[in-house]
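Architecture and fold: a report
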Amino acid sequence: MSFPLDLLPHMRGVLACERELAELRFTWQLIETTAKMVCPAEARTILPAMASTREAFGRLESELVRALAAENINKVVLQMQARAQAVVDVVVRNLYERTADVGFLSTDGDIRRFLLDGRVERNAIESRLHEYMRKYTVYDAIVVLGPEGGVRAAIGDGVSPAGDHALAARTQGAASYVEHFGPCALLPARERALVYAQRIDDGAGRTLGTLCLSFRFDDEMAGIFRTFRRHRDRSVMLLLDAAGRVIASSDPDHVPLGRAPETAGGEQGAVIDFGGREYIARTCEATGYQGYAGPGWRGHVMVPVESAFREDAVLLTGSDEQGSGLHCDELATIERQAGAIKDALNRVVWNGQVMAGGRRGDSLKLKSMLQQISETGERMRAVFSRALAALSDTITSSTLQDLQFVSRLMMDVMDRNLYERANDCRWWALAPELREALDTGRCRSGLDVLLDDINRLYTVYDRLFVHDADGRIVACSTLSGEAASTVGMQIDERMREAVGRLSGTQSYAVSAFEATPLHRGAPTYIYHAAIRAPQDDARVLGGIGIVFESAREFRAMLSELLPARDGVWAAFCERDGRVVASTRDDLPPGSRLDLGDLVSGLDAGASRHAFTTFGGTRHMAGVALSAGYREYKTTGDYRNDLIAVVALALPDTSASGGDGDGGIIDRETVSRPGEGEEFAVFRLDDRAFAVTAAQVLEAADIGRVRRIGSGEGLIAGVLLLEEDDTAEHVPVINLRAFFDLPRGQGPGHVVVTRCERGRIGLAVDDLICVIECGESEIRPLPEMVSARFRWLGRLIIAAPEQPLVSVFDLEALHDMLRERMRGALDEAAVGLPEPTAA
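Residues numbered from 1 in each chain as written. Predicted model: local features only at pLDDT ≥ 70, side-chain atom pairs only at ≥ 80, totals over all residues. Heavy atoms only, no water.

The next point concerns the overall build of the chain. In terms of helices and strands, the chain carries 20 helices and 35 strands. By residue count, 54% of the 838 residues in the chain fall in the buried class. When the accessible surface of the chain is split by element, carbon and sulfur atoms take 49% of a total near 36100 Å². (Helix = DSSP H or I, 4+ residues; strand = E, 2+ residues; numbered from the N terminus. Buried < 20%, exposed > 50% of the residue type's maximum accessible area, 1.4 Å probe, protein only. Areas by Shrake-Rupley, 256 points an atom, 1.4 Å probe, with all protein chains shown as cover.)

If you check the backbone angles, Gln 290 has positive phi at about 50 degrees while not being a glycine. Here Gln 290 shows up in the loop between strand E9 (277–285) and strand E10 (298–304). Positive phi, normally seen in glycine, also occurs at Asp 740, with a value near 60 degrees. Overall, the relative accessible area of 68% leaves Asp 740 in the exposed class.

With that out of the way, let us pick up the sheet that holds strand E19 (residues 579–582). Strand order in the open sheet formed by 5 strands is E19-E18-E22-E21-E20, with antiparallel pairing between adjacent strands. Edge strands, defined here as strands with exactly one partner in the open sheet, are E19 and strand E20 (607–614). Here the average twist between neighbouring strands, direction ignored, is 25 degrees. In this sheet, strand E22 (residues 642–649) lies alongside strand E18 (residues 568–574) in antiparallel orientation, the contact comprising 7 bridges. The residue of E22 that forms the bridge with Ala 571 is Val 645. Relative to E19, helix H15 (residues 550–561) is tilted by about 50 degrees, and along the sheet it contacts E18 and E19. (Pairing = 2+ DSSP bridges. Axes fitted to C-alpha atoms, helices over the stretch in contact; angles between N-to-C directions. Contact = heavy atoms within 4.5 Å.)

This paragraph deals with the pairing of strand E29 (residues 749–755). Among the 7 residues that make up E29, 6 are buried, leaving the element largely enclosed by the rest of the structure. Across 7 bridges, the pairing between E29 and strand E30 (residues 758–764) is antiparallel. Within E30, the position partnered with Thr 753 by the bridge is Ile 760. Connecting E29 to the antiparallel partner E30 that follows it, the hairpin turn spans 2 residues.

To continue, consider the side chain of Thr 486. Mapped onto the elements, Thr 486 comes out in helix H13 (residues 483–486). A polar contact of 2.9 Å, which involves the side chain of Thr 486, links it to the side chain of Arg 463. Look past the residues within four positions of Thr 486 in its chain and what remains in contact with it is Arg 463, Ile 473, Cys 476 and Leu 518. (Polar contact = N/O pair within 3.5 Å; in protein donor to acceptor, adjacent residues only side chain to side chain.)

Where helix H3 (residues 47–105) contacts helix H7 (residues 217–228), the axes come no closer than 11 Å and their chain directions differ by 140 degrees. In this structure, H3 meets H7 at a crossing whose hand is right-handed. Where H3 approaches H7, its residues Arg 83, Ala 86, Val 87, Val 90, Val 91 and Asn 94 are matched on the opposing element by Glu 220, Met 221, Ile 224, Phe 225 and Phe 228. Of the residues contributing to the contact of H3 with H7, the split by class is 8 nonpolar, 1 polar and 2 charged. (Left-handed = near helix turned anticlockwise from the far one by under 90°. Nonpolar A, V, L, I, M, F, W, Y, C, P; charged D, E, K, R; others polar.)

What holds strands together in a sheet is hydrogen bonding between their backbones, with the strands either parallel or antiparallel. The strand order across the open sheet built from 5 strands is E2-E1-E5-E4-E3, with neighbouring strands paired in antiparallel fashion. The outermost strands of the open sheet, each flanked by one partner alone, are strand E2 (151–156) and strand E3 (178–182). Between one strand axis and the next, the sheet turns by 15 degrees as a mean value, whatever way the strands run. Across 5 bridges, E3 lies against strand E4 (residues 193–201) in antiparallel orientation. Pairing of Val 178 across the sheet is with Ala 197, part of E4.

Let us now look at the environment of Ala 812. On the secondary structure map, Ala 812 appears in helix H19 (residues 810–820). On the accessibility criterion, Ala 812 (12% relative accessible area) is buried. Measuring from C-alpha to C-alpha, the distance between Ala 812 and Phe 789 comes to 9.6 Å, with 23 residues separating the pair along the chain. Setting aside anything within four residues of it in sequence, one finds Ala 812 in contact with Arg 790 and Trp 791.

With 158 residues, the main nonpolar core has Leu 239, Ile 373, Trp 428, Tyr 527 and Phe 554 as its most contacted residues. At 26 residues, the largest contribution of residues to this core is made by helix H10 (residues 362–428). For Leu 239, the contacting residues outside a window of four places in its chain are Val 87, Val 88, Val 91, Phe 217, Met 221, Arg 245, Val 246, Ile 247, Ala 248, Trp 297, Arg 298 and Gly 299. Judged by nonpolar contacts, the second largest core, of 31 residues, contains Val 354, Val 696, Leu 795 and Met 816. (Core = buried A, V, L, I, M, F, W, Y, C linked by side-chain atoms within 4.5 Å.)

Moving on to helix H5 (residues 122–135). For H5, built from 14 residues, the straight-helix expectation of 20 Å at 1.5 Å per residue is met to within 8% by its first-to-last C-alpha distance of 20 Å. Within H5, burial applies to Ile 125, Glu 126, Arg 128, Leu 129, Glu 131, Tyr 132, Met 133 and Lys 135. (Expected span 1.5 Å × (residues − 1).)

Printed below as a string of structure tokens:
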């Protein structure tokens, strides 16, 4: 399949544009043929230009249609790629946490004592495991196996009493954890299970048994698919195993488990066949996280080609938004080519009007042809303008949706990460060593070792500390290097009171995001849980606090997920705009970001995209509000509306100039048949100028000028003018330099003129029209200004609502140039050796 043009039949908007362009192409051919038949002699000089313009139009037509199709496909593939990558990366990040969980829980003192000498009874250990699963709700079963693989303790449904000897043997022979996905003897009622297993030893290397954690895989994938499914979405999100088989599907009725669709790993995706239909597909490998590559799974998204381009309607309607200013190289090239065609048509009409001026008979027929060319050129300009706007809208729409999706992904990753923090503090608060130490007041010095052991495994924390009921810190991990100064410190009174009010082992408290001496004076979140008496959960002895490395960890989340393009930045902030983290050095934690109305009315879990302004710079932005994860922030446990902002700074387009005559002259108003004098009118900057039409030889493409130096001086260069068998180098005057105007933005034209002094070219911005004026509309120059403006011969006042048109006195202009640059004009008139090509 030819990609992308074979997908063109499914793009309604592009097809409509293609039809309009085809109609215009036919109109050009009709005008050209009619001119050859009706006025062949008069049209002879403009027919070659018309033919070359028609050919250029045909080439550009094909390029424009192809570009429109390609950008629509690129938009679809980028959206698919973002979701395919998110599906697998979110899973891998989650599974990384599971590898940490099984490693840490396998060293639990109670579990070791239970297996070693039976000092802890089975019902007690199962109660403890139940507490663990109440907090880490990603698990649906936890099993402790003996050395031979038999079940010693278990919670959760469907666990086989016989255990799993093969899994135990495999785990005990492994260097670390074992990750098992598929049928499992430990959970025989399930077609497949995702189990993390770790050897349990006595601390001295002797094997005591195996710990098995069963991950709620199907439940987790359903949540991921819900998060990333779009409204009226007809695509299918899949998770593939290393062999390419479907192990999770957002629509199992559409693509069932076990199937092996063709993958599409290239950046542009691919068109694949599946179930007798064609799909656009994109497959992504896992990025990996903290050195963990995952089980070799891949994210895969596929959408039927017939429904992939339903949003293509933007090409028909355009966009009400102010232009983004975003450009791709292809769009810029097409805009330049369209501008060149417009300029060429303008010259054809303008030169034809000059040639037909003051004549009758067949020249009137030529004028009619020129009118048709002018009208068709305007239609072409409008069609190309709409098509280019549609192409720009597609780029803008794709970018906005990408920013919004990434903001949702960032917020989802943050919620999942902080879910783990809430779990950690509650679970560690249940450690028998902590409860015993606070209850008896003995062996508090040994708590530092325990906290260090935890901190070494969980490096996302700056430090962990334990405080008593009065809020005084009695132990602190030493990895921060500030344990000595931390012990004895009093925690914030608000948090001491909050910990004392916690109702049970499921409850926790989180500090506000603010500067704290427990994090070297920097702002962060501290998660707290109550430490309760060993035999009385109602009695609070103190608490544990875990200080999150917010600046490092949050910035890492943002940076890892940030789109790879210039000008993009991201931030986490609170609803009032207080920055929690950002990828910009000038937006440090604790600073303020003016969100304006960007998040107004945004509900939990909602996201949007918009044009907005940050710091006086216009941006495109996507924002997403925290939704929580599982029971975290979704059950009334904790309220903190965090927002992810992903923004792209836009180029300043305020100084960009328009093209055309800018409404300087209303061509139809002033053009009329009669016996008046005709003038060729052109634009320079924002003013209209003219020369007598009889003095004009032609308007030429400025690209024909052979520059002198940079071309920015008073004499821009020379133009080779060929007539019959002779050739002449005509000097081209840079009128902007003559009038001390800034450099123009467009390429422009050259108006080649003649007078008694000789021939001269005038570099102008745009050609307007040829007008015929009566005596009442032509005014001589007032004597009081004639000496100051020697180059100005007369003034044209076509109508009260029309601006003045200044008519050049070419002889006076010649004289002024000779006086200002004596000799240079003669040298330019005979040509220069080896001039620089324009």
